[in-house]
Amino acid sequence: MIQSKNIYILSTLFLMCSFSIPNFSFGAEKDSLFNQLTLEQKIGQLVFALPQQNDKEIKALGRENKLGGVIFDKYCSKNTYTYFNNLNKLPNKVPVLIGVKSQEAIHCLDNNYNVLPDKYHLSAIGSNIFTYNTYHEIGKINKKLNIDFFLAETLSIQHNNSSKLYGFGSDPNNVQQKNHAALKGLHQSQILAGTELPVKSEFYETLDNNEQQVLKQLLKDSLNIITPSDVLFDVSLFNTTFIHFLTDSLSYNGLLFTGDLSAGASIQDTKKNAIEALKRGHDVLVLSDHHLEVIKAIKIAVKQGTLAMEIIDEHYEKIKKYKADKDNHIIDYSNPHELDAIGSETYEKSVTVLSNLDSIIPLPSLNTKKYQLISIGTRKTDDVFASTLKMFIDFDYHKIEHSSFSTAQVNLLLETCKKKDIVLINIVCQQENSKHRFGVSYATEQLIEQLQRKTNVIVVISGQPNGLKYLSKTRNLLINYSTTDYAQKANAQVIAGALATNGKLPVNITDRFALNTGEKVKSMGRLGYGKPEQVGLDGEVLSHLIDSIANQAINMEATPGCQVVVAKNGKIVFEKSYGYFTYEKEVPVTNQTVYDIASVTKVASTTQALMMLDYKDSINVNSRLKDYLPETDTTNKGNIRLIQFLTHTAPLRGGYYFWGHVYDKDTKKYNPTYLSPIKKDGFSVQVTPDLYATDSIKDTMWKWLLESPISTRRKYTSEIYRYWYSDLGYYFLQRVVESKTRMSLDRFTQDSLYNPLGTRTLGYMPLKRVNISRIPPTEMDINYRQSLIKGYVHDPSADLMGGVGGHAGVFSNAHDLAILMQMNLQNGSYGEKTYFDKATLNKYNRQPYLRFKNRRGLGWDKPPKKGDSGNTAPEAPKSTFGHTGFTGTCAWVDPDNQIVYVFLSNRVYPTARNNKLAKENIRENIQSAIYKSMETSR
């Protein structure tokens, strides 16, 4: 007796532990085990428990083979789940089937699982593959958790106030297709699928043809379980007539569950209802209490002959079959990052544009209009819609936490918005009942109607669609069907033109917002946001590798801080900032930090300008300098072709000592002919806060450059010299651009390129656009300017010219530079505007002098030949193009894999002699991490 008690205690302790042991297979002993069950144990197999706080009884029943299954809801008991999960791994035990009632229940059992979009999200999407993928993943996570059946409310036919509604909406054809895809997804994962149906007789007495077809299709697709929907003040049992209709007329041979028979019922009523349920044809008795009493009552009824043993055997055999077929084989499971990617894409595709009368979805322009955002109903949560939209446009912002607000607030908002070009009203519908108008208050309705008389308004709904009935007069409206962060991010990206959508309203709301209402909206090709797994990258590997490399660079003081952006397939999938402005660690780097991109200017400004002019046949790269600048005809530069400047094959020296004319290094004094410590007449070109150059300095430098000698290095042909990297060619190219456009280079690029792209930090002379607090310092210049350089271009010669050079001078954050690179990846198109075409890009991306061991394209740097040194990761394909910058920057485009990579830093702080960033290949190693994450994702 003592030995038996000790064994019991040890087995109980084992069951309470959460460690895993090999799955037990019954093998040949399975039938023998079932055949040895007593009557009480057989009856116990018909009982499925809903675990409560005190679950000692059901654990004991499980140990004694007197329990058929357990069903967990969103208030699950992890302790009980762990117990039965381990119980099922023991030998000589009849398995207890484990089921869940919703995705929320799965999340309760596994906090790493994020609920996937369901119901209206899936039904709004035309393609059924999203439904299949979602339910296949639901099935796989169930399989991973050793859960046997999933009760999907979405598969149900709901009965409400004499009207019928399907889980997947109001369109019977769409519902059948989505149901089919969902069941296929679950069954592919070897998970039993169930749903609920109303118990009231009027439901099945009034089934029309559509509803019968939906029900028939569910049964044809092997729906395994049918359970009654929850009812108040009524017993959760199906009517005998309906059961016969299912089994006889529709040939249903799955399991019929009861509802919770013990909910609000006495022990006597529970026992009576359980016996009645079996007589009517229910296979499973669902109980939250009185489990043992019910088993004993049924046993007595059998012994007394008031309940036929044949009924017990019939139901027992059905459950026995499911248990005997229980499959424990391992399948491939998706990690949380992969599930997030599936969810994100579903939220993106389900956005439904219901009205676009003013053609302002998506926004035609990102930075030429005055915007106001009003967010309503956000409560105390972060406004994800606002933070996402902020990535694309600037706007004035007003937040109302609750759905209702005063007339005074309406009037205030009307006054605030009267001078705005477009007002966006973001309504987060937290309320799900008609009492609160489903989150669309009367004040909101009035605000929208009155604002529409004054300006353009876009209304955005996040939440269930019932509130649309109050928005019938709205001119521009879109909806996503939940309040999740993912849904709100998708809404913002559709409005910004980063996502295409073709969602259709899955339910009938009003005549205006009828079933299948929805306009197709194309993406404007703007760079959006997504998950790495959406584009074939392993997010965990990508983050780990980039984090470790960037932090390594900072720890070794290769740079005090940096920004990294990775985009693939038109989505930014990694954007992160590291470290500080300086090693003193006072100001942290953020994604809004603006860096001096140094020689990346060559491709971000001058080369872009030339490509735009070339596209319009305004220039020819094979023409000579004198063809565009006649004043060079009599100089030693006039016969040089533009292509030579672009490929660094012109007879130019590496640089020119302009500062030698204006500064005496020995005396450390500035030449007053060219420089002044104060701003005064004739000296308005600011070089530093305390230094101004003469207004004619640019022309003076041009004169010095024209008079300078040329290089005598080796030639490969009569015109092509050996490759020698030089900034000087870009002084000439800048002059060509300015001559053809009759504008300064900074104005041309800003007006014709950076502003139309929608960038906000990209451009020359950043202090005109950006607060200096967002710009890290570069070098403490003790050679020329005798000051810490912050907000002014690091390159001394570009700074002397006033900050605008063809070779240096552009500032940006990584995000905006990525936009420019994305435009190049898209062959010159972005935001429905064409800057150049694919032929132009191909012309500049070619390597005309590769035979002379010159890897350069026209302006663009390229990957080196195998075995040579270069500036890209070894994995970068030959098609890759981009550039690096002296301050510790780079931007690369990989057309083969549709990748944009940007790295920005101020590695020259406090001195440019610090070259650890290049020596340790930090930029190249981060680029290599992208390809490693692509490889591990396959």
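Residues numbered from 1 in each chain as written. Predicted model: local features only at pLDDT ≥ 70, side-chain atom pairs only at ≥ 80, totals over all residues. Heavy atoms only, no water.

**Student:** So what's going on with the overall build of the chain? Which residues, and what values?
**Tutor:** Looking only at helices and strands, the chain has 33 helices and 34 strands in total. Taken over the C-alpha atoms alone, the chain extends approximately 120 × 70 × 45 Å along its principal axes. Relative to its 938 residues, the chain shows a buried fraction of 59%. Taking as baseline every contact in the chain between residues at least 6 positions apart, the subset at least 24 positions apart corresponds to 70%. Total accessible area computed for the chain in this model is approximately 38500 Å², and 47% of it derives from carbon and sulfur atoms. Taking the average place of the 109 positive charges on the side chains of the chain and the average place of its 95 negative ones, the gap between the two points comes to 5 Å. (Helix = DSSP H or I, 4+ residues; strand = E, 2+ residues; numbered from the N terminus. Buried < 20%, exposed > 50% of the residue type's maximum accessible area, 1.4 Å probe, protein only. Contact = heavy atoms within 4.5 Å. Areas by Shrake-Rupley, 256 points an atom, 1.4 Å probe, with all protein chains shown as cover. Lys, Arg positive; Asp, Glu negative; His and termini not counted. Charge placed at Lys NZ, Arg CZ, Asp CG, Glu CD.)

**Student:** Let's hear about the packing of aromatic side chains: which residues, and what values?
**Tutor:** The tally for this structure, following the rule as stated, stands at 26 aromatic pairs. Summarising the aromatic geometry, the rings of Phe72 and Tyr81 are spaced 6.2 Å apart at their centres and angled 85° between planes, so their arrangement reads as edge-to-face. For Phe72, a relative accessible area of 1% corresponds to the buried category. The class for Tyr81 is buried, based on a relative accessible area of 8%. Between the aromatic rings of Trp860 and Phe881, the centroid separation amounts to 4.7 Å while the plane-to-plane angle is 70°, which identifies the pairing as edge-to-face. In this pair, Trp860 is assigned in the loop between helix 31 (838-845) and strand 32 (881-885) and Phe881 in strand 32, connecting sequence segments 21 residues apart. Here the basic side chain of Arg437 rests over the ring of Tyr470, its NZ or CZ set 3.9 Å away from the ring centre. In this structure, Lys833 is placed above the aromatic ring of Tyr835, and the distance from its NZ or CZ to the ring centre is 5.5 Å. (Phe/Tyr/Trp six-rings, centres within 6.5 Å; stacked < 30°, edge-to-face > 60°. Lys NZ or Arg CZ within 6 Å of the ring centre and 35° of its normal.)

**Student:** Let's hear about the UniProt feature "domain: Beta-lactamase-related" (unreviewed entry) in the chain: which residues, and what values?
**Tutor:** Per the UniProt entry, the sites bearing "domain: Beta-lactamase-related" (unreviewed entry) are residues 556-916 in this numbering. Secondary structure over residues 556-916 splits into 25% helix and 17% strand, and the C-alpha atoms at its two ends are 8 Å apart. (UniProt positions renumbered as here; feature names shortened; annotations may be inferred.)

**Student:** Describe in detail the state of the cysteines, supporting the description with residues and values.
**Tutor:** Tallied over the entire structure, the rule returns one disulfide. Covalently, Cys76 is tied to Cys108 through a disulfide, its sulfur atoms 2.0 Å apart. Disulfide Cys76-Cys108: the torsion about the S-S bond is -90°, which places it as left-handed. Here Cys108 lies in helix 6 (residues 103-109) and Cys76 lies in the loop between strand 2 (69-72) and helix 5 (78-87), a separation of 32 residues in the sequence. As far as the burial class goes, Cys76 and Cys108 line up, both buried. Summary of cysteine pairing: Cys417 is not part of a disulfide, and the nearest cysteine sulfur, belonging to Cys429, is at 19 Å. (Disulfide = S-S within 2.5 Å.)

**Student:** Run through the pairing of strand 15 (residues 456-462), naming residues and quoting values.
**Tutor:** Across the seven residues of strand 15, six count as buried, placing the element largely inside the fold. Sheet topology places strand 14 (residues 422-428) next to strand 15; seven bridges connect them, and they run parallel. Counted as the bridge partner of Asn426 is Val460 from strand 15. In terms of handedness, the path from strand 14 via helix 19 (residues 442-452) over to strand 15 forms a crossover that is right-handed. Two strands pair when backbone bridges link them, and strand 15 and strand 16 (residues 476-480) are joined in this way by four bridges, in the parallel orientation. Paired with Ser462 across the two strands is Asn480, which belongs to strand 16. (Pairing = 2+ DSSP bridges. Right-handed = clockwise from strand over helix to strand, strands pointing away.)

**Student:** I'd love a proper account of unusual backbone geometry, names of residues and values included.
**Tutor:** Negative phi is the rule for most residues except glycine; trans is the rule for most peptide bonds. Here the bond from Ile361 into Pro362 is cis, since omega is 0°, no more than 30 degrees from zero. For Pro362, the position within the fold is in the loop between strand 11 (352-356) and strand 12 (371-376). Residue Tyr909 is joined to Pro910 through a cis peptide bond whose omega torsion reads -5°. Within the element layout of this structure, Pro910 appears in the loop between strand 34 (899-905) and helix 32 (916-919). You will see that Lys585, though not glycine, has its phi angle at about 60°, which is positive. What makes Lys585 exposed here is its relative accessible area of 55%. Non-glycine residue Asn921 carries a positive phi angle of around 55°. With respect to the element layout, Asn921 can be found in the loop between helix 32 and helix 33 (922-937). Take Asn921: its relative accessible area is 36%, and that puts it in the partly exposed class.

**Student:** Outline the environment of Leu46, supporting the account with residue identities and numerical values.
**Tutor:** Topologically, Leu46 is positioned in the loop between helix 3 (39-44) and strand 1 (47-49). Classification of Leu46 as buried rests on a relative accessible area of 0%. The spatial distance from the C-alpha of Leu46 to the C-alpha of Val284 is 4.9 Å, given a sequence separation of 238 residues. Residues contacting Leu46, with those up to four places away along its chain left out, are Leu278, Asp283, Val284, Leu285, Ile312, His315, Tyr316 and Ile319.

**Student:** Before we move on, can you summarise the side chain of Thr778 with the specific residues and values?
**Tutor:** When you line up the elements, Thr778 lands in the loop between strand 26 (763-764) and strand 27 (780-781). Beyond its immediate stretch of four places on either side in the chain, Thr778 contacts Asp596, Leu788, Ile789, His794, Thr887, Val908, Tyr909 and Pro910.

**Student:** Could you give me a rundown of the pattern of salt bridges, with the residues and numbers involved?
**Tutor:** Scanning the model with the defined rule gives 31 salt bridges in all. Measuring nitrogen to oxygen at the nearest pair gives 3.0 Å for the salt bridge that ties Asp547 to Lys576. You can see Asp547 sitting in helix 21 (residues 539-555) and its partner Lys576 sitting in strand 19 (residues 571-579), a full 29 residues away along the chain. Through salt bridges that share partners, Glu40, Glu64, Lys66 and Lys299 make up one connected network. (Salt bridge = Lys/Arg side-chain N within 4 Å of Asp/Glu carboxyl O.)

**Student:** An account of the sheet that holds strand 24 (residues 685-688) is needed here, citing residue identities and associated values.
**Tutor:** Strand order across the open sheet formed by three strands is 23-25-24, with antiparallel pairing between neighbours. Strands with a single pairing partner mark the edges of an open sheet, and in this sheet they are strand 23 (675-676) and strand 24. Summarising the sheet, strand 23 and strand 25 (residues 691-693) pair through two bridges and their orientation is antiparallel. If you follow Leu675 over to strand 25, its bridge partner there is Ala693.

**Student:** Give me the packing of helix 22 (residues 601-615) against helix 31: which residues, what numbers.
**Tutor:** Packed helices, taken two at a time, are described by the angle between their axes plus the distance between the axes. The interhelical angle for the contact between helix 22 and helix 31, taken along N-to-C directions, is 130°, at an axis separation of 10 Å. In this view, helix 22 runs oblique relative to helix 31, as classed from their interaxial angle. Relative to helix 31, helix 22 is oriented so that their crossing is right-handed. The segment helix 22 lies against helix 31, with Thr607, Leu610, Met611, Asp614 and Tyr615 engaging Thr840, Leu841, Lys843 and Tyr844. Residues belonging to the contact of helix 22 with helix 31 are distributed by class as follows: five nonpolar, two polar and two charged. (Axes fitted to C-alpha atoms, helices over the stretch in contact; angles between N-to-C directions. Parallel < 35°, antiparallel > 145°, perpendicular 65-115°, else oblique. Left-handed = near helix turned anticlockwise from the far one by under 90°. Nonpolar A, V, L, I, M, F, W, Y, C, P; charged D, E, K, R; others polar.)

**Student:** Lay out the sheet that holds strand 9 (residues 255-260) in plain terms, naming residues and giving numbers.
**Tutor:** As summarised here, the arrangement of the eight strands in space is 1-2-3-4-7-8-9-10, forming a closed barrel in which the pairing is parallel. When strand polarity is set aside, the average angle formed by the axes of neighbouring strands in this sheet is 25°. With two bridges connecting them, strand 1 and strand 2 associate as parallel partners. Looking at the pairing, Ala49 lines up with Val70 of strand 2.

**Student:** Outline a positive patch on the surface, supporting the account with residue identities and numerical values.
**Tutor:** Side chains of Arg714, Arg722, Lys853, Lys865 and Lys878 sit close together on the surface and give a patch of like positive charge. Locating Arg722 in the fold gives a position in the loop between helix 26 (697-706) and helix 27 (728-741). (Patch = residues over 30% accessible without salt bridge, like charges linked within 9 Å, V, L, I, M, F, W, Y side chains within 5 Å.)

**Student:** Describe helix 4 (residues 56-63), with residues and values.
**Tutor:** Counting buried positions along helix 4 yields six of eight residues, so the element is predominantly enclosed. Those residues of helix 4 not exposed but buried are Ile58, Lys59, Ala60, Leu61, Gly62 and Arg63. Phi turns positive, to about 60°, at Asn65, one or two residues after helix 4.

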